[in-house]
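For reference, the chains in residue letters:
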Amino acid sequence: MTAPLTPPPQPNHQPPHHVWQAPPPGYAPAHEEDGPGMKTELREAAVITVATAISGVLLGLLWFWLAPHVPVVSDGVDVFPKDVEGEQVIAVDGTFSLLAVGFGLVTAVVVFLLRRRGGIPLIVALTVGGILASLLAWRVGIWLGPTQDVLAHGKEVGRGVTFDAPYGLSAKGALLAWPVSALLVHLGLTALFGPRDPDPYPYDQPQYPPQA
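Scoring rules and cut-offs
Residues numbered from 1 in each chain as written. Predicted model: local features only at pLDDT ≥ 70, side-chain atom pairs only at ≥ 80, totals over all residues. Heavy atoms only, no water. Core = buried A, V, L, I, M, F, W, Y, C linked by side-chain atoms within 4.5 Å. Buried < 20%, exposed > 50% of the residue type's maximum accessible area, 1.4 Å probe, protein only. Helix = DSSP H or I, 4+ residues; strand = E, 2+ residues; numbered from the N terminus. Contact = heavy atoms within 4.5 Å. Phe/Tyr/Trp six-rings, centres within 6.5 Å; stacked < 30°, edge-to-face > 60°. Salt bridge = Lys/Arg side-chain N within 4 Å of Asp/Glu carboxyl O. Axes fitted to C-alpha atoms, helices over the stretch in contact; angles between N-to-C directions. Parallel < 35°, antiparallel > 145°, perpendicular 65-115°, else oblique. Left-handed = near helix turned anticlockwise from the far one by under 90°. Nonpolar A, V, L, I, M, F, W, Y, C, P; charged D, E, K, R; others polar.

Q: A description of the nonpolar core should follow, citing residues and the corresponding values.
A: With 24 residues, the main nonpolar core has Leu 59, Trp 63, Phe 96, Trp 138, Leu 169 and Trp 178 as its most contacted residues. Elements supplying a minimum of two residues to this core: α2 (56-66), α3 (88-114), α4 (120-144) and α6 (177-193). The residues touching Trp 138, leaving out its near neighbours within four places in the chain, are Trp 63, Phe 96, Gly 168, Leu 169, Lys 172 and Leu 175. Of all hydrophobic cores here, the second largest spans six residues; its members include Ala 45, Ile 48, Leu 122 and Ala 125.

Q: So what's going on with the packing of aromatic side chains? Residues and values would help.
A: Per the counting criterion, the structure on display carries four aromatic pairs. Consider the rings of Phe 64 and Tyr 167, whose centres lie 5.7 Å apart with planes at 45°: the pair is tilted. Pair noted here: Phe 64 is in helix α2 and Tyr 167 is in the loop between β3 (162-164) and α6, with a separation of 103 residues, a long-range link. Looking at Phe 64, the relative accessible area reads 31%, which means it is partly exposed.

Q: Account for the pattern of salt bridges, with residues named and values stated.
A: Applying the stated criterion across every chain, the model contains two salt bridges. Arg 115 serves as the salt-bridge partner of Glu 41, at 3.2 Å between the closest nitrogen and oxygen. A residue pair is termed long-range when its members are at least 10 positions apart, and Glu 41 in helix α1 (residues 38-54) and Arg 115 in the loop between α3 and α4 qualify at 74 residues. Glu 41 gets classed as buried once you look at its relative accessible area, which sits at 18%. By relative accessible area, Arg 115 is classed as buried at 10%. Measuring nitrogen to oxygen at the nearest pair gives 2.5 Å for the salt bridge that ties Glu 44 to Arg 115. A residue pair is termed long-range when its members are at least 10 positions apart, and Glu 44 in helix α1 and Arg 115 in the loop between α3 and α4 qualify at 71 residues. One salt-bridge network, held together by shared partners, links Glu 41, Glu 44 and Arg 115.

Q: Tell me about the packing of α2 against α4, and name the residues and values.
A: Relative to each other, α2 and α4 sit at 40°, their axes nearing to 7 Å. As judged from the angle between their axes, α2 and α4 are oblique. Between α2 and α4 lies a crossing whose hand is right-handed. On α4, the residues that touch Gly 56, Val 57, Leu 59, Gly 60, Leu 61, Trp 63 and Phe 64 of α2 are Ala 133, Leu 136, Ala 137, Trp 138, Val 140, Gly 141, Ile 142 and Leu 144. Here the contact of α2 with α4 is built from residues that sort into twelve nonpolar, three polar and no charged.

Structure representation (structure tokens):
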């Protein structure tokens, strides 16, 4: 009995459709980039919050120095503005707002130069620090300005005598000028000049895993 002449079937040597290959040298996915770590970010955010809040003292000093005085006069019982059509009250709010916007811009630029990576803790630190700084500046200006007891002061100086009204903000929205300006400027700087995450699949290298 002779052996069959039909050769046995040969194994299929075609490569499979999905082949995992080792990535080229120097390839690293974006999620493996080293970062400062959450603890470091929180510590930096705390420092930024405290430093920003303390700088509100300087804003209060400048506001007290640059804001116009509001003249008032007493009739012996009540106190009235000397110039009914005067714009000093609006100018007081405007001075505070403009100074706060400038401080917000400066703090945003400084923080961006010190830490370009950004992050949620940094944004929260700028916002909270700006609010605390504005509140502190407001209280410093009131503390340095004339007494808050206007009626008693009017009786003390005498009827018909002009004196300065205490400092204050008629529009409390001015307290948000610092945090809003700092937030917008920092987001703009981060969007324009912040570091970019590397593409996990560069165009000049094959994707891993390769498509079918």
